[in-house]
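So you can see what is in the structure, the chains are spelled out below.
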Amino acid sequence: MNLAALLAIVVVSIAPSLQQQLAEAASGTTEHVWCLTGMLASSGYHLTSGYELPSLPTTVAGQPGVVASDTCGPVLAVWHNHPIAAGESARDVLYFTKTDQHTFIWYELAPIAIVGAGDKWCYWTRDQVLQGWKDNLSPLPAVPEQCV
Ligand SMILES: [Zn+2]
């Protein structure tokens, strides 16, 4: 099935103050995970606040004591950033990797997944992520209508 056919029936917006915090977190070379909350209105999900997960799982070899990350639990959206490498634009890294899909489907409860890069971001609904996983999309591409 085409992802656009599963176009989100909800619209996701992020409050300017929160977006500023997220853009800052997404400006570096480190990956961060934020749990976002807010409200569900007739216009869609309006995300207004969030907090960073204290421990991000790392794949750095030879680092003892690294434990599995916490998860966000029942929040509206899980945001993480993809660092932008030299020569890349934000748009180049706005996708949902196989690992992202796996983590979101099995470890998170939120209905919305968001990837940020610099001050740009895209979101996917849980249905879209599930469909992408089923279709073995690696990575799950951005849906232009769901990107800012
Ligand atoms: Zn990712």
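Everything numeric here is computed off the predicted structure, so don't read it as measured data.

**Q** So what exactly am I meant to see when it comes to the sheet that holds strand β3 (residues 44-52) here?
**A** The strands making up a sheet associate through backbone hydrogen bonding, with each pair oriented either parallel or antiparallel. Across the sheet, which stays open at both edges, the 6 strands sit in the order β1-β3-β2-β4-β5-β6 with mixed pairing between neighbours. At either end of the open sheet lies a strand with only one pairing partner, and these are β1 (12-14) and β6 (120-125). On average, adjacent strands in this sheet sit at an angle of 30 degrees to one another, irrespective of strand direction. Sheet topology places β1 next to β3; 3 bridges connect them, and they run parallel. Residue pairing across strands places isoleucine 14 opposite leucine 47, the latter belonging to β3.

**Q** For this particular structure, what's the right way to read the confidence of the model for the chain?
**A** Any residue range with low pLDDT should be treated as having predicted coordinates unsuitable for detailed reading. Looking at the chain as a whole, its pLDDT mean stands at 88, while 84% of the residues score no less than 70. Of all helices and strands in the chain, the one with the weakest mean pLDDT is strand β2 (residues 33-41) (94), whereas strand β5 (residues 112-117) scores best (98).

**Q** Explain the pairing of β2 to me, please; I cannot follow it from the model alone.
**A** Put simply, side chains in a regular strand alternate between the two faces of the sheet. Bridging between β2 and strand β4 (residues 77-81) involves 4 bridges; their strand directions are antiparallel. Residue tryptophan 34 lies in a different strand from β4, and its bridge partner there is tryptophan 79. In this sheet, β3 lies alongside β2 in antiparallel orientation, the contact comprising 8 bridges. Note that in β3 the partner of tryptophan 34 across the bridge is glutamate 52. Following β2, the chain reverses through 2 residues before pairing antiparallel with β3.

**Q** I would appreciate a short explanation of the nonpolar core in the present structure.
**A** The tendency in soluble globular proteins is for nonpolar side chains to be buried side by side. Ranked by internal contacts, the top residues of the largest apolar core, which has 35 residues, are Ala77, Val78, Ile112 and Ala113. Secondary structure elements with two or more residues in this core: β1, α1 (16-25), β2, β3, β4, β5 and β6. A total of 5 residues in this core trace back to one element, the largest contributor, which is β5. Isoleucine 112 has contacts with Val12, Tyr45, Leu76, Ala77, Tyr123 and Thr125, leaving out every residue within four places of it along the chain.

Criteria and thresholds
- Residues numbered from 1 in each chain as written.
- Predicted model: local features only at pLDDT ≥ 70, side-chain atom pairs only at ≥ 80, totals over all residues.
- Pairing = 2+ DSSP bridges.
- Helix = DSSP H or I, 4+ residues; strand = E, 2+ residues; numbered from the N terminus.
- Axes fitted to C-alpha atoms, helices over the stretch in contact; angles between N-to-C directions.
- pLDDT = per-residue confidence, 0-100.
- Core = buried A, V, L, I, M, F, W, Y, C linked by C-beta atoms within 7 Å.
- Buried ≥ 20, exposed ≤ 12 C-beta atoms within 10 Å, placed from the backbone.
- Contact = placed C-beta atoms within 7 Å.

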